[in-house]
Every structure is written in C-alpha cells, then in structure tokens.
Amino acid sequence: MTAAAAGASTRRTRIDSSRRWLPDTRELIAYQQLVVLFGRRDLTARYRQTVFGSLWVFAGPLVSAGLFSFVFGRVADLPTNGVPYFVFSYAGLLAWNLFSGVLTGASTSMTGNGGLITKVYFPRLVIPLSTTASTLLNTAISFCVMVVLLLISGVGISWQIVLLPLWLTPAAFLAMGSALVLTSFAVTYRDINYVTPLATQLLLFLSPVAYSLEAVPPDLRNLYLLNPLTSIVEGCRWSLLGGSELPPAWAIAYSAAVAIGTLLVGLIVFTRREPGFADVI
Amino acid sequence: MSSEPAITVSHLTKEYVLGLTGRTNSLATITRDLFRSSARRTREPRGRFRALDDVTFDVAPGEVVGVIGKNGAGKSTLLKILSRITHPTTGYVELVGRVGSLLEVGTGFHPELTGIENVYLNGAILGMTRREIDERLDRIVDFADVSRFLETPVKRYSSGMRVRLAFAVAAHLEPEILVIDEVLSVGDAGFQSRCLDKMRTIASEDGRTVLYVSHNLVSVEHLCQRSALLVDGRLEFDGSTHEAIDRHLATFRQSEYGEATGVFDLVDGDRSTGNYDAVFRRVDLRPRGGELSDTVRMGDSLQVEIEVEGLDEMPEAVVIATVGSSTFQCLFRIHENMKRITAPHERCTRETIVLNIPMLPLTPGEYHIDLQVKGSDVRGVIDHVSRAATFSVVSADVLGTGFQYTSHDGPMLVAWDWELRPTRVDA
C-alpha cells in the first residue's frame, strides 16, 4: 500500500489533444474494481423491489425456449437430431443470449450513462466491460440450468462440453466489437439505439438458434456460414448436446477471424472517439 | 519536495464547433432542404467558439488557487479538461500526483442502491480502491451524518442527505490534487460551513493542491490566497484573490452599463428643496480609495468625493450624507460642519469634499446616499439631492470563516468581540 501510494504521488498525467489507438490496459487494470461495482450496480438495481429477485434471470431463456419449442418444435416440426426440442433450443439460446446481451448492454453504454461521462473521468471502456461482465454472469447461470436440463432430459453430458468457451469467446468478441463501434457513433447519432434492437431481432432469425443448420436448404448453407454466428451457435450445440456435426473447418476459422477482427476494430474506433464523447453526448 | 509545479497549464485552448454539438442534421431537415430554394435552406452555423483561449499558468504543490469569472468565461471548460472529461484542442496540462475532481456532487449515485453501496460505487468512480474506502468509511458516514439510513436506498433520501453523503465521499478522497466546482451551492447553511471547513483542512493542513471554481466569491476569498480570473476564455489576471475579485467585479459592472461607474453627475440631480446658494455638482465613489466603482466589498473602506460649487462663501454650512437602503430611508447619517473640515489650500468656488469611511458597516445589498447642505441655522436647506449616488455592497469573507452574509442578517455590519468567563455561584 505504501509503495503504491509512493508510486501514485509521482504519477504524472499529461492531458493534450493526442489520441491513442488502443485502450490503456494499465489504467483499465487500475479501474478493475469499478467494472465489478458497475456490474453489481446493474444487477442489484435490476432486481430491487421484486418479489422473485434474481430468479428472474431464469425466466427469460426458459420462456424463449418454451416458445420456440411450441412454434418450431410442435408447429413447424423442425429436425433436432433426436434431442428434445426444448433442450435443443435452450442450447442455441445460451450462445445467442450471450451475444445479444453483450451487444445490447454495451451498445447503449455511452448514451445511457451520459450523466456520468460529462461529470467524472474514468476509462470509458469500464462501462461496456461491466455490462459484459454481468451478461457473462447470466450466461454462467444459464449454463447451470443447461446442465440440469441435459441430465433430466436424458441427453447426458459429453466430453465436448469442456470446449464450450471456445465458442462463447468469439460470440462475446463479436458482440463487444460491434457494440463498441455502435456506441461510439450512437453518441452523435442516436438513431443507432433504435436500429440495434431491430437488427438484433433480424439476426436471431437469420442464425440457427431456433433451428439447426441441417434444416437450412443445402444450397443456402454456405451463404449461411458467412454469418459468423452460424458456426458459433452450431459449435455451441455440438459442445452441449454432442451428436450433431461440426460446421466445416473453414467456417470456424472464418468466424474466429471475424470475431477477433471485429473486437480489434471496435476497440480502435472506441479509443479514437472516446475523447470527444463528453463534448457531444 | 521538489519545486516542480503540481499543475502546469500551457497555452490551453479549447474550441467548440458551433452547431455540431447535439444538433445532428436530421433526415427531416435534409428532406425539407431538398424542396427549398438554396437561400431558405436550414443552415447549420459552423462557426467556432473558443471556450478557452491560450491559457497558461502553474500551480505549486500545496497551493490553493481559485478560478473566478462570469458564466461562460471558461471556468467549467478548464475544470473539465483538468479532470480529463474533455480534451483540449491545442496546448496541454500536466499534473503531478493523483487527481480527484468534484464537478457535481452526487454524480454516479444510483437511486436504487443503498447509501453504503453508493459510497463504494461513488468512491470507485472517483478512483478509490475498496481498501481505501473501507479505511475511510466511518469518517465518511460521520461527516455525512446519515448513519441511520445506510441501508436505505438513496432514492428515499432527502436532497440534503444525498448532497451530504456525496460531498463526504469526495472530501475523503484525499488525492494530491483536488479540483472542485461549485459544491457549495447546495445544502443548508450549517452543512455549507462544515464543507468549507473541511475544504480548508484539505487545503491547508493536508498540504494538497486545490483548484477551486466558484461563483461564491466569499468562499473563494476564504479558501484561496491566489486566484485566476477568466474573461471570455482568456486568463485576464492571475494573482492575489483580492485583486482578482476587484477586477472581476469591475468587468461585471462595466459590461452591464457599458461604461465605468462610480461617477454620478448631480447637476441635473433629483432636488426637492433649497435656495441653491451652493450646489452639489458630482459624486465619485472609490472603494478602498482606489479605482472608481459603485461596487464595494463588505468591510472595505469607501471614499466619497463630493464636488461642490459656492461653498467657500458659507464657512458655517453643515454637510450631511445619509446612507439608506430600499427598505430603510436612513441607516446612518454623517454630519459635518464645514468649519471642522481641514483645507490645505485657499478656498475657491469649486471644491471637492473628500469623505472617508474606514469601514463601511453594511451587509450585501443595494444602497444609496442622499446629500444635503444646510446653513448654520440648520433649518435653511441650501441644496438637497436625493439618491445622489447608488452603490452595491457585495459579500466578502469579513469573519474569516467563509460565512456568507445575506439580507437576512440585517443591513448592518458591526465589530464585536466574544469572551467566556466563569460565573461564580455563591452558596
């Protein structure tokens, strides 16, 4: 503590018009506690004055899975490779909810915290990071429910489940990268806040969340695989349910590359535009 | 300790592009413009506005510097740059040490969270670690005086409680450099004085560097030896707080009336009675015997220069100056027989009587001076000008405590002395 204080007393800060290309990681580490506190603020505030409290975390994915089961499983009777449709769609939603949660939370993070941004300094990246952290927590809870579902339904747990992070990480990268670009521009063009939910909804149906890639006509599959989420969701289901086929290797590599590229672009755009946020928000 | 400045501000300039902020060309505007002749098109003015213009100054470690200026003079922009919220267009700022800024009390409070949760959140926003907050928690809660409500959501707090808690967190932040903006505009009088005391402690005893921006000149005077005066984004003056405030008040008056004030022509003054054997021609007001001005700081001296004509013929005349306010016709009156006024020269037709009031005993407000001159029999009025001069008294830190006088404290300022003595109780 004393060493840190001594170090802090000679800390120099230079404020000028120069702009960075990538975030200052050392500074972000210094503010890690704020990431946790913002995340906790969002979670505790969300379930204050509710009777069921954090039980509401379970409601969303279960209701969606139930709805999908009815519409796609019973009415449309899509193939699920022998897995009960409810479990099938819940597995898809696990990846999807991570993606859309990170995207929604982070893309509104600047416009939603204008009061803070114009009044206090802290690395602005702290806010999208904290919304992402709380989404990750939700995903962890959903994963526990998933395990229970797998055991109850008799699908069982296969070894591939350990590879799940391999699919969830690019999903988070993809969402984070796009969200950083979106929120950087939403500061000036609020239209983005209206477009994002619509685009997300569209993307939900364009990705194999409620149905499998097998249900897509073969001549459309390669086109489908251009959506980086396709391989991610399919891969997730492969990890959780086993049995199904993995998307082709090129598609997986492509998705990973797009995810990393998007994150990088997002970080650069955000860092370059960050100094101007307080002036336009 | 090195002599290196804690804050270096070098050629700092901040430009805003007018019409760009918050007013994006909407599709509606663009479409409408398609159907309009080019002359009638909605033109966004793209002028540039300099909120700060080439500002340069240094602050030594442990120094407490005030920043004053009118609204829009660039004070807030300066603080926003210093607290890293916005970036300068050109120039730079260099800070040595940890910076804590308090631009608006209670920023980052979440209404749904409890008091204690908000203390941790707000502390982290201001850059404190969890351990630092743990260590200071008791002092923060004590200072804010909200211990009973720590588990209550902040949305149920009164606004006063919220402010107290927020100030308490920020005041216990203990950074090397503290940047404060207008914190005292909220809260009751008791809490305000506690805040001022705390800020004074932060500044003096803890040896921190403080940059304090306020419209409350009393608190600036109370806290700061040195002040910077910003006018239209430029650093107009940097030096003693007293002089900075004087200059600030002078610019204020000048722009309001367009010319230097403190000069009153009485040739066409408001006269009721008199035989006009002698007449008042004009009055000049010089606070502290210096520049002409009609703004006097509380507790300062005031020199009143009265130009008269024809008084040399009346050695027995009595000159009377009456100071009144809008609510009191007469607050105090000064009589003087011309016989008792020393004249180091041969008497002549036009003369100037100089009246010196070492300490003007008035609290902030608007006042006026009536002038009368009477013959030796006291009943015969020679000249009488109502409201010969008007002036205002503004707050100053006369008590040395930062206490701000208002009209509720009555119009008069008196000198006093307290003492405590044991009372002997005889059994």
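Residues numbered from 1 in each chain as written. Chains lettered and ligands numbered in written order. Predicted model: local features only at pLDDT ≥ 70, side-chain atom pairs only at ≥ 80, totals over all residues.

**Some thoughts on the overall build of chain A**
Under the convention used in this document: Think of it this way: any DSSP run of H or I at least four residues long counts as a helix, any run of E at least two long counts as a strand, and we number them from the N terminus. The globule rule is 2.2 Å times the number of residues to the power 0.38, and the radius of gyration it is compared with is taken over C-alpha atoms. Remark: C-beta atoms are placed from the backbone, and a residue is labelled buried if 20 or more other C-beta atoms sit within 10 Å of its own, exposed if 12 or fewer do, or partly exposed between those counts.
Assigned secondary structure in chain A consists of 13 helices and one strand. Starting at the N terminus and ending at the C terminus, chain A contains elements arranged as α-β-α-α-α-α-α-α-α-α-α-α-α-α. At 21 Å, chain A has a C-alpha radius of gyration in line with the 19 Å of a compact globule built from 281 residues. Summarising its shape, the C-alpha atoms of chain A cover approximately 65 × 45 × 35 Å along the three principal directions. Here chain A holds 281 residues, and 42% of them are scored as buried.

**Concerning the interface of chain A and chain B**
How big an interface is tends to be expressed through the accessible area that disappears when the partners come together. Operational definition: Residue pairs qualify as contacts under a 7 Å threshold applied to their C-beta atoms, which are placed from the backbone. Under the grouping applied here, Gly and all other residues not named as nonpolar or charged are polar, the nonpolar ones being Ala, Val, Leu, Ile, Met, Phe, Trp, Tyr, Cys and Pro and the charged ones Asp, Glu, Lys and Arg. What makes two strands pair is DSSP finding at least two bridges between them.
Taken together, the 30 residues of chain A in the interface contact 38 residues of chain B. Going through the elements one at a time, α1 (2-9), β1 (12-15), α3 (32-47), α6 (114-117) and α13 (277-280) of chain A are the ones with two or more residues in the side of chain A that touches chain B. For the side of chain A that touches chain B, the element with the most residues is α3 of chain A, which contributes six residues. The residue inventory of the side of chain A that touches chain B, partitioned by class, reads 13 nonpolar, nine polar and eight charged. Relative to strand β4 (residues 90-96) of chain B, β1 of chain A runs antiparallel, the two being bridged by four bridges. Paired with Thr13 of chain A across the two strands is Leu95 of chain B, which belongs to β4 of chain B.

**Some points on the domain arrangement of chain B**
Residues and elements named next belong to chain B. Rules: Boundaries of every domain are those given by an automatic assignment or by a domain database.
The assigned domain composition of chain B is domain 1 (7-252) and domain 2 (263-409). Taken residue by residue, the interface counts 10 residues in domain 1 and 11 residues in domain 2. Of all the elements in the fold, those that place two or more residues in the side of domain 1 that touches domain 2 are α6 (189-204), α7 (217-223) and α8 (241-257). Among the elements that take part in the side of domain 1 that touches domain 2, α7 stands out by supplying five residues, more than any other. Residue classes in the side of domain 1 that touches domain 2 are distributed as five nonpolar, four polar and one charged.

**Examining the nonpolar core**
Where we set the bar: Think of a nonpolar core as buried Ala, Val, Leu, Ile, Met, Phe, Trp, Tyr and Cys residues chained together by C-beta atoms that fall within 7 Å.
Within the largest apolar cluster, 170 residues are counted, with the highest numbers of intra-cluster contacts made by Ala95, Phe99 and Ala171 of chain A together with Tyr212 of chain B. Residues lining this core come from more than one domain, with at least three contributed by each of domain 1 (7-252) and domain 2 (263-409) of chain B. Once residues lying within four places of it in the same chain are set aside, the contact partners of Ala95 of chain A are Trp167, Leu168, Ala171, Ile232, Val233 and Cys236 of chain A.

**Considerations on unusual backbone geometry**
Residue and element names in this part refer to chain B. Positive phi, close to 65°, is recorded for Arg84, a residue that is not glycine. With respect to the element layout, Arg84 can be found in the loop between α2 (75-82) and β4. Judged by the 20 C-beta atoms lying within 10 Å of it, Arg84 is buried. Residues other than glycine seldom take positive phi values, yet Tyr276 does so here, at roughly 60°. Relative to the helices and strands, Tyr276 resides in the loop between β11 (270-271) and β12 (279-287). Tyr276 sits in the partly exposed class, given 14 other C-beta atoms within 10 Å.

**A short note on the pairing of strand β5 (residues 99-102) of chain B**
Residue and element names in this part refer to chain B. Burial of the side chains of β5 extends over both faces: Val99 and Ser101 are buried on one face and Gly100 and Leu102 on the other. Of the strand pairs in this sheet, β5 and strand β6 (residues 177-181) are connected by four bridges, and their pairing is parallel. Within the sheet, the bridge partner assigned to Gly100 lies in β6 and is Leu178.

**Some details on the sheet that holds β5 of chain B**
Within a beta sheet, neighbouring strands are joined by backbone hydrogen bonds and run either parallel or antiparallel to one another. All names here are of chain B. Filter applied, for reference: Under this scheme, a helix contributes an axis fitted over its contacting stretch, all axes are lines through C-alpha atoms, and angles between N-to-C directions fall in the 0 to 180 degree range.
Taken together, the six strands give an open sheet; going across it, the order is β5-β6-β7-β3-β8-β9, and neighbouring strands pair in mixed fashion. Edge positions in the sheet fall to β5 and β9 (234-240), since each of these pairs with one other strand and no more. Strand-to-strand twist in this sheet, taken as the mean axis angle between neighbours without regard to direction, amounts to 15°. Where α2 meets the sheet, its contacts fall on β3 (64-69), β5, β6, β7 (209-213) and β8 (226-231), and the angle it forms with β6 comes to roughly 145°.

**Re helix α5 (residues 159-171) of chain B**
All names here are of chain B. To keep things clear, this is the line we draw: Multiplying one less than the number of residues by 1.5 Å gives the expected span of a helix.
Taking 1.5 Å per residue as the helical rise, α5 with its 13 residues ought to reach 18 Å, and the 18 Å between its terminal C-alpha atoms agrees with that figure. Counting buried positions along α5 yields 10 of 13 residues, so the element is predominantly enclosed. Where α5 is concerned, the buried positions are Arg162, Val163, Arg164, Leu165, Ala166, Phe167, Ala168, Val169, Ala170 and Ala171.

**What about helix α4 (residues 130-144) of chain B?**
Residue and element names in this part refer to chain B. As a reminder of what qualifies: What we call the bend at a residue is the angle made by axes fitted to the seven residues finishing there and the seven residues starting there.
At Arg136, α4 shows its strongest bend, of approximately 55°. Ile133, Arg136, Ile140, Phe143 and Ala144 are the residues of α4 that are buried. In the core, the buried residues of α4 are packed alongside α3 (115-125) and α5. Backbone geometry just after α4 places Asp145 at a positive phi near 60°.

**Examining the sheet that holds strand β2 (residues 48-59) of chain B**
Overall, antiparallel pairing links the four strands, which are arranged β1(A)-β4(B)-β1(B)-β2(B) in an open sheet. Among the strands making up the open sheet, the edge pair consists of β1 of chain A together with β2 of chain B. When strand polarity is set aside, the average angle formed by the axes of neighbouring strands in this sheet is 20°. Relative to β4 of chain B, strand β1 (residues 7-17) of chain B runs antiparallel, the two being bridged by five bridges.

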